[in-house]
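Chain and residue survey
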Amino acid sequence: MLAGYLAARFFRENEDATVFLPGPTTHGHYQIEMKCATCHEPWGGVGEQSCIDCHGAALKAGGDSHPQSKFTDPRNADRLQAIAADKCVTCHVEHRAEHTLAMGVTQPQDFCQHCHADVAQERPSHKGMSFTTCFSVGCHNYHDNTALYEDFMAKHAADPVTLLKALLPELTTRTEASTGGKKPPPQHDGRVTAAEDGGKIAAAWSASAHAAASVNCTACHTTGGQWQDKPGQDSCVECHKEENAGFREGLHGMRLAQGLPPMQPAMARLPMKPQAGHQALSCISCHGPHDVDTRRAAVESCLQCHNDGHSLAYKTSAHYRLWQAEISGGASPGSGVSCATCHMPREEHAVEGVAAVRVQHNQSLNLRPVEKMARGVCIRCHGLGFTFDSLAEPGLGRSNFDGPPVQHVESIDMVQSRRKPAKAR
């Protein structure tokens with residue numbers, strides 16, 4: 001009886017499951033901790049498939065260095081006797097805050113020694129190094145090493161601090177060409193009158209990308225033939241499927257993906273501005289519903305909520321000065337650095353067989369490990385060596401990278417040393 005009652009509460013929709021939490025959840029999962037069934041099977045613990053359902057695509061995209069297949073290979077069977085590396089929960093156990101390291105890892109920091117105790121024999125450069133330093137910035141990651149492979153580091157070993165042509169790729173917009181050559185409609189087809197808002201809504205829409213792409217009021221405000229004064233996020237999804245998918249995979253939208261109410265800044269563990277505390281996050285939290293101003297979304301929309309040191313330092317940084325120069329017309333398009341430049345980077349995709357540049361709306365995707373930001377963001381403007389040095393210095397992160405690094409990561413030096421031709425005897 002009791003077991004049945006507890007199970008019913010545990011997996012019931014919209015039920016407060018706080019009583020079942022044995023301890024705090026990690027930064028990556030705390031937003032969905034009330035949706036126990038996302039990870040847990042009824043009385044069966046956490047299923048491996050639960051991890052793969054959420055993280056599998058990112059692991060595949062990052063060329064997972066330790067996929068499950070590596071440990072199901074009979075040649076590596078002996079490795080599993082030391083550590084069950086074929087299971088996500090071996091290294092990631094929730095509700096154990098006192099044992100949790102960065103990225104939700106609950107193994108001791110030197111766990112690499114289980115399989116790599118003799119690494120110094122193959123790589124003399126590693127002699128004397130502690131296994132607690134394996135995951136230092138610019139060295140190794142367990143899963144995603146796309147910026148750390150030797151060939152990649154060798155290729156970028158001679159990069160200058162700042163590249164000569166430091167520009168972002170131009171976004172592929174949904175313009176007249178993508179709407180069959182239709183001309184923007186001469187006026188809106190909505191129900192608002194100029195007397196109601198002084199013409200502000202109509203003016204905002206007329207100058208927007210939506211108007212340029214012939215997306216009129218009824219395209220968003222009409223559902224099943226019925227006018228909706230305040231359409232929901234589904235009206236955005238119809239045209240912006242990729243953006244919506246990314247949004248729901250990140251910290252901003254992951255609650256919606258699990259059928260929970262939207263994230264509010266007051267729920268965050270990072271410092272947020274009090275006045276934004278109870279704003280429900282959706283598309284129009286960042287993009288105005290009528291002007292769809294992407295420049296405002298790239299900076300001011302972030303700063304209306306975020307109140308941490310990194311965010312507050314942005315407007316005194318060199319990155320912000322570059323952004324000001326671009327939006328004022330004093331510098332080339334794509335030369336500025338906004339919040340979105342780094343945290344919502346532009347990516348190249350094939351859309352219906354055609355190459356397109358889109359904004360990645362999963363703002364958490366490249367946060368951890370930090371080297372994920374190196375390849376997709378930093379080296380568009382900076383050399384790889386300078387990037388590693390900067391990412392490795394905590395103080396630069398707090399100052400929004402306003403200034404050069406003072407320490408040096410030796411990873412690229414080691415690669416070059418290994419590849420030098422042996423001297424003739």
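Along every chain, residues carry numbers that run from 1 in the direction the sequence is written. Confidence filtering applies because this is a predicted model: local features only for residues at pLDDT of at least 70, side-chain atom pairs given and counted only at 80 or more, and all residues used for totals across whole chains, interfaces and linings. Note: side-chain values were computed over all heavy atoms of the structure, leaving out hydrogens and water.

Basic side-chain nitrogens of Lys or Arg form a salt bridge, by our definition, when they fall within 4 Å of a carboxyl oxygen of Asp or Glu. As enumerated under the stated definition, the model contains 11 salt bridges in all. With a closest N to O distance of 2.6 Å, R75 and D73 form a salt bridge. Residues D291 and R296 are paired through a salt bridge, measuring 3.0 Å at the closest nitrogen-oxygen approach. Per-residue accessibility, obtained with a 1.4 Å probe over protein chains only, is compared with the maximum for each type, and a residue is labelled buried under 20%, exposed over 50%, and partly exposed between these values. When its relative accessible area of 29% is taken as the criterion, R296 is described as partly exposed. Via salt bridges that share partners, R123, E150, D151, R418 and R419 belong to a single interconnected network.

We call Phe, Tyr and Trp rings a pair once their centres come within 6.5 Å, taking the six-membered ring for Trp, and we label the pair stacked below 30 degrees between planes, edge-to-face above 60, and tilted otherwise. Evaluation of the coordinates by the stated rule reveals three aromatic pairs. Each ring, one from F111 and one from Y142, has its centre 6.0 Å from the other, and the planes form 55°; the classification is tilted. In this pair, F111 sits in the loop between α5 (88–91) and α6 (113–116) while Y142 sits in the loop between α7 (119–122) and α8 (150–155), placing the two residues 31 residues apart along the sequence. Aromatic pair Y314 and Y320: ring centres 5.1 Å apart, planes at 70°, arrangement edge-to-face. The class of Y320 is buried, set by a relative accessible area of 14%. Here a helix means four or more residues in a row that DSSP labels H or I, a strand means two or more in a row labelled E, and each is numbered from the N terminus.

Take the environment of P124 next. With respect to the element layout, P124 can be found in the loop between α7 and α8. Given a relative accessible area of 61%, P124 falls into the exposed group. A sequence separation of 294 residues divides P124 from R418, and the C-alpha atoms of the two residues are 9.6 Å apart.

What follows is about helix α2 (residues 48–61). A helix's residues, less one, multiplied by 1.5 Å, set its expected span. With 14 residues, α2 should cover 20 Å at 1.5 Å per step; its first-to-last C-alpha distance of 19 Å lies within 8% of that length. Bend, in this description, refers to the angle at a residue between axes fitted to the seven residues ending there and the seven starting there. At H55, α2 shows its maximal bend, which comes to roughly 60°. The set of residues buried in α2 consists of E48, S50 and C51. Of the surrounding elements, those touching the buried residues of α2 are β2 (45–46), α3 (68–72) and α5. Backbone geometry just after α2 places G63 at a positive phi near 60°. Contacts: residue pairs with any heavy atoms within 4.5 Å of one another.

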